[in-house]
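The primary structure of each chain is shown beneath.
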Amino acid sequence: MSKKLTIFEMGPRDGLQNEKALIPTASKIELINRLSECGFKKIETSSFVSPKWVPQMADAAEVFAGITRKPGISYTALTPNIKGYERAKASGADEVAVFASASEGFSQKNINCSIAESFERFAPIVEAAKADGIPVRGYASCVVECPYDGPTPAQNVAMVSERLLQMGCYEVSLGDTIGAATPETTEAMLDAVLKVVPAEKLAGHFHDTKDFALANIMSSIKMGLRTFDSAIGGLGGCPYAPGAKGNVNTLAVAKMAKLLDYNTGLDIEKLEETQEFILSIKEAAAA
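A brief structural summary. Keep in mind that this is a model prediction, so the values were computed, not measured.

## Observations regarding the overall build of the protein
(1) Moving on: On a plain count of helices and strands, the protein comes out with 11 helices and 10 strands.
(2) Moving on: Its C-alpha radius of gyration of 17 Å places the protein within 12% of the 19 Å reference for a compact globule of 287 residues.
(3) Moving on: Taken along the three principal axes of its C-alpha coordinates, the protein extends 45 × 45 × 35 Å.
(4) Moving on: Burial statistics for the protein: of 287 residues in total, 57% are counted as buried.
(5) Moving on: Restricting to contacts in the protein with at least 6 residues of sequence separation, those with at least 24 account for 74%.
(6) Moving on: In the structure as shown, the protein presents an accessible area of about 11,700 Å², 54% of it carried by carbon and sulfur atoms.
(7) Moving on: Distance between charge centroids for the protein: 2 Å, based on 29 positive and 35 negative side chains.

Have a look at this one:
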């Protein structure tokens, strides 16, 4: 088993999207520039969604235009529809992501359509990205529990994950969107998904609502996963998942990986400085 872990930094997008006080564009750009010095290979930079629904991401194009790109880093964007994809492409996103849900209730609340309809919506994005040579990552939300439907059947997660890969996604990020997972429910879900998707095509995306995120990552490592999403400062939450706490803290994941002798390539000291920076910006914006 590889002793290398990839940490996919979500802070600038998933971390900030739910902040009520608008974070200045210049601060977002500085955050990404600081993260670029920490050793990440992938940074989720923004999302090209309707400003009406997610006002915090209205400056996505300006953020992409303002960052100092470092060779070897993919600056990625979330793209809910073909219009968003075209804007992401024009802004120079290195990679895009589409997001499906493993629960019908969340799919309707989050993107106003059924799971089946969401795949129809993603198809043109994946086709366009393939033609443009842009990698596509898939997200599966509510992989353990949904705020509207309750516990999510593991078979739903397996079906959605397999479908995303079949469509052309290179990887599927399994999202515990409301942070309801425990090591037991994480392992039960992965047991079903791993029957149809290999571990190297999966990533874990855990929110820390019940303080189980690190334990869930350890369970996922045990089952073969080696890529995990996290956000600097534990920022985050989802506008359509009431009560969801932030993403698992990048610094906590990096420190845990180091203790377990896994190589993340991340600079702990720079992560600490970057965390202090964004938390002070967040505090100033909220004041």
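From this point, the narrative continues.
## A word on a nonpolar patch on the surface
(1) Moving on: A cluster of nonpolar residues, Met218, Leu259 and Leu260, forms a patch on the protein surface that exposes about 310 Å² of accessible area.
(2) Moving on: In this fold, Leu260 is placed in the loop between helix 10 (250-259) and helix 11 (268-286).

## As for a negative patch on the surface
(1) Moving on: Together, Glu104, Glu117, Glu120 and Asp149 line one region of the surface with negative charge.
(2) Moving on: With respect to the helices, strands and loops of the structure, Glu104 is situated in helix 5 (residues 104-111).
(3) Moving on: Assessed through its relative accessible area of 38%, Glu104 is described here as partly exposed.

## Some remarks on the packing of helix 10 against helix 11
Two quantities define a packed helix pair, namely the angle between the axes and the distance from one axis to the other.
(1) Moving on: Following both chains from N to C, one finds helix 10 and helix 11 inclined at 165 degrees, their axes separated by 10 Å at the closest point. Comparing the axis directions of helix 10 and helix 11 gives the class roughly antiparallel. Two packed elements cross with a definite hand, and for helix 10 against helix 11 that hand is left-handed. On helix 11, the residues touching Thr250, Leu251, Ala254 and Lys255 of helix 10 are Ile268, Leu271, Glu272 and Gln275.
(2) Moving on: When its residues are assigned to classes, the contact of helix 10 with helix 11 shows 4 nonpolar, 2 polar and 2 charged.

## Structural notes on the environment of Arg34
(1) Moving on: Tracing the chain through its elements places Arg34 in helix 2 (residues 25-36).
(2) Moving on: What makes Arg34 partly exposed here is its relative accessible area of 31%.
(3) Moving on: Along the sequence, Arg34 and Glu120 sit 86 residues apart, while their C-alpha atoms lie 37 Å from each other.
(4) Moving on: Apart from the residues within four sequence positions on either side, Arg34 is in contact with Glu273, Thr274 and Phe277.

## A few points about the nonpolar core
(1) Moving on: Phe40, Leu164, Leu174, Met189, Ile217, Leu271 and Ile278 are the most contacted members of the largest nonpolar core, which has 85 residues in total.
(2) Moving on: By residue number, the principal contributor to this core is helix 6 (residues 115-132), which donates 7 residues.

## Details of helix 11
(1) Moving on: Relative to the 27 Å expected for 19 residues at 1.5 Å per residue, helix 11 spans 27 Å between its end C-alpha atoms, a close match to the ideal helical length.
(2) Moving on: Here helix 11 has its buried residues at Ile268, Leu271, Thr274, Gln275, Phe277, Ile278 and Ile281.
(3) Moving on: Two or three places before Glu269, at the opening of helix 11, Asp267 has a side-chain oxygen 3.1 Å from that residue's backbone nitrogen.

## Details of the packing of helix 8 (residues 183-193) against helix 9 (residues 213-222)
(1) Moving on: Packing of helix 8 against helix 9 brings their axes to within 9 Å, and their N-to-C directions diverge by 35 degrees. Crossing handedness for the pair helix 8 and helix 9: right-handed. Here Pro183, Thr186, Glu187 and Leu190 of helix 8 lie close against helix 9, whose contacting residues are Ala215, Asn216, Ser219, Ser220 and Lys222.
(2) Moving on: For the contact of helix 8 with helix 9, the residue count by class is 3 nonpolar, 4 polar and 2 charged.

## Quick notes on the environment of Arg13
(1) Moving on: Note on placement: Arg13 falls in helix 1 (residues 11-15).
(2) Moving on: Residue classification places Arg13 among the buried positions, given a relative accessible area of 6%.

## Observations regarding the packing of aromatic side chains
(1) Moving on: Evaluated as defined, the whole model comprises 2 aromatic pairs.
(2) Moving on: Residue placement shows Arg163 over the ring face of Phe119; its charged tip is 4.5 Å from the ring centre.

## Things to note about the pairing of strand 5 (residues 136-141)
(1) Moving on: Counting buried positions along strand 5 yields 6 of 6 residues, so the element is predominantly enclosed.
(2) Moving on: Of the two faces of strand 5, the one holding Val136, Gly138 and Ala140 and the one holding Arg137, Tyr139 and Ser141 are both buried throughout.
(3) Moving on: Relative to strand 5, strand 4 (residues 95-101) runs parallel, the two sharing 6 bridges. Among the inter-strand pairings, Phe99 is bridged to a residue of strand 5, identified as Tyr139.
(4) Moving on: By the bridge criterion, 4 bridges tie strand 5 to strand 8 (residues 171-176) in an arrangement that is parallel.

Calculation criteria
- Residues numbered from 1 in each chain as written.
- Predicted model: local features only at pLDDT ≥ 70, side-chain atom pairs only at ≥ 80, totals over all residues.
- Heavy atoms only, no water.
- Helix = DSSP H or I, 4+ residues; strand = E, 2+ residues; numbered from the N terminus.
- Rg over C-alpha atoms; globule rule 2.2 N^0.38 Å.
- Buried < 20%, exposed > 50% of the residue type's maximum accessible area, 1.4 Å probe, protein only.
- Contact = heavy atoms within 4.5 Å.
- Areas by Shrake-Rupley, 256 points an atom, 1.4 Å probe, with all protein chains shown as cover.
- Lys, Arg positive; Asp, Glu negative; His and termini not counted.
- Charge placed at Lys NZ, Arg CZ, Asp CG, Glu CD.
- Patch = residues over 30% accessible without salt bridge, like charges linked within 9 Å, V, L, I, M, F, W, Y side chains within 5 Å.
- Salt bridge = Lys/Arg side-chain N within 4 Å of Asp/Glu carboxyl O.
- Axes fitted to C-alpha atoms, helices over the stretch in contact; angles between N-to-C directions.
- Parallel < 35°, antiparallel > 145°, perpendicular 65-115°, else oblique.
- Left-handed = near helix turned anticlockwise from the far one by under 90°.
- Nonpolar A, V, L, I, M, F, W, Y, C, P; charged D, E, K, R; others polar.
- Core = buried A, V, L, I, M, F, W, Y, C linked by side-chain atoms within 4.5 Å.
- Expected span 1.5 Å × (residues − 1).
- Polar contact = N/O pair within 3.5 Å; in protein donor to acceptor, adjacent residues only side chain to side chain.
- Phe/Tyr/Trp six-rings, centres within 6.5 Å; stacked < 30°, edge-to-face > 60°.
- Lys NZ or Arg CZ within 6 Å of the ring centre and 35° of its normal.
- Pairing = 2+ DSSP bridges.

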